[in-house]
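Inside the fold
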Amino acid sequence: MTRRSAALVLAALLLALTGAAGSARAAGYRYWSFWDRSAGGWTYATQGPSTARPGDGDVQGFRFAVSADSQDASQPRGAASFAAICAGTPARDGSKRVALVLDFGTAADAPGGEVPPSPRTACARVSPDATTAEALAAVAKPLRYDANALLCAIAGYPRTGCGEQVSGQEAGKTSGQASGGDGPASAAKPGPEAGDGADGGPSVGLYAGAAAVAVLAAAAVRQARRRGSRGNG
């Protein structure tokens, strides 16, 4: 093998590896994410809707979209306040009011054959100890959950599927907005498959592959130099 051939082999291997890394980053999941709203804007929820217990006057949101993890998850659209959402729902003793923002996503987020409903808001009046899931059930039935209590559908959307992984090309159709830290998988968000990078980046196996490519490439170059030296001798 000549030096030129060795260089071409190295370039081809590195190009293939770079493509694999890009594909690993682009992979994502289609799911409902869960958010808390404060004066500073939307923050990715740290609890799931079945355990979170909002207080009277809180604003929480749900967004259906394709994203790799909470760091690129799309936030609910709209900035309606609690006062605006619950203007027609007066306070009442023995209950609390929770403002909910429901964003069904875009056509690019939708599973094949489905059309996302328009975003909407709702004011849920529930018992003082009610969870977010109970507030959601009061205003946005039917809800659908999987066997692991992952929220799959709000108001019947989508009809099928639940946190499924999508191809890198499909995941690239939408661009998410930065959010807060990762929540647990029960927070309406599936995590990466075992062995994937926790932040959606390349896995450990990918780095090991890069090291193997570098070793093989270096060996090919050394072999080419030895052959060149023998030919010159």
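Okay, so let's go over this structure. Numbering of residues starts from 1 in each chain and follows the order in which that chain's sequence is written. Totals for whole chains, interfaces and linings use all residues, but because this is a predicted model, local features are given only for residues with pLDDT of at least 70 and pairs of side-chain atoms are given and counted only at 80 or more. Excluding hydrogens and water, the side-chain figures rest on all heavy atoms present in the structure.

Topic: the pattern of salt bridges
Here the idea is simple: oppositely charged side chains can pair when their charged atoms come close. In what follows, salt bridge is the name for a side-chain nitrogen of Lys or Arg lying within 4 Å of a carboxyl oxygen of Asp or Glu. By the definition in use, this model includes six salt bridges. Salt-bridge contacts for R30 lead to E164; the nearest nitrogen and oxygen are separated by 3.1 Å. Of this pair, R30 sits in strand 1 (residues 28–38) while E164 sits in the loop between strand 7 (151–153) and strand 8 (165–166), and the two are 134 residues apart along the sequence. Accessibility here uses a 1.4 Å probe with only protein chains present; expressed as a share of the type maximum, an area under 20% marks a residue as buried, one over 50% as exposed, and anything in between as partly exposed. Among the residues examined, R30 registers a relative accessible area of 5% and is labelled buried. Judged by relative accessible area, which is 26%, E164 ranks as partly exposed. E114 is the salt-bridge partner of R159, the closest N and O atoms lying 3.9 Å from each other. Remark: E114 occurs in the loop between strand 4 (96–103) and strand 5 (120–126) and R159 occurs in the loop between strand 7 and strand 8; sequence separation between them is 45 residues. Each helix is a run of DSSP H or I of at least 4 residues and each strand a run of E of at least 2, with the numbering of both proceeding from the N terminus.

Some remarks on the environment of E164
Sequence separation between E164 and Y29 is 135 residues, and the spatial gap between their C-alpha atoms is 5.5 Å. The residues touching E164, leaving out its near neighbours within four places in the chain, are G28, Y29 and R30. Here the side chain of E164 touches C162 through a polar contact of 2.9 Å, landing on its backbone nitrogen. Residues count as neighbours in contact if any of their non-hydrogen atoms are within 4.5 Å of one another. Throughout this description, a polar contact denotes any pair of N or O atoms lying within 3.5 Å of each other; where both atoms belong to protein, one of them has to be capable of donating a hydrogen while the other can accept it, and for residues adjacent in sequence the pair is counted only when both atoms sit in side chains.

Regarding the environment of Q47
If you trace the backbone, Q47 turns up in the loop between strand 2 (41–44) and strand 3 (59–67). For the pair formed by Q47 and W35, sequence separation is 12 residues and the distance between their alpha carbons is 9.4 Å. Among the polar contacts listed, one links the side chain of Q47 to the side chain of T51, at a separation of 3.4 Å.

Describing the environment of G41
With respect to the helices and strands, G41 occurs in strand 2. Using a relative accessible area of 14% as the deciding quantity, one classes G41 as buried. Separated by 38 residues in the primary sequence, G41 and A79 have C-alpha atoms spaced 8.2 Å apart.

Notes on the nonpolar core
In terms of nonpolar packing, the biggest core is built from 20 residues, with W32, F62, L100, L102, L136 and I154 touching the most fellow members. By residue number, the principal contributor to this core is strand 4, which donates three residues. If we skip the residues at most four places from it in the chain, L136 touches F62, L100, L102, K141, L143, L151 and I154. Counting 13 residues, the second-largest nonpolar core is a separate cluster that includes Y29, W42, Y44 and C123. By convention a nonpolar core is built from buried Ala, Val, Leu, Ile, Met, Phe, Trp, Tyr and Cys residues, the set being connected through side-chain atoms within 4.5 Å.

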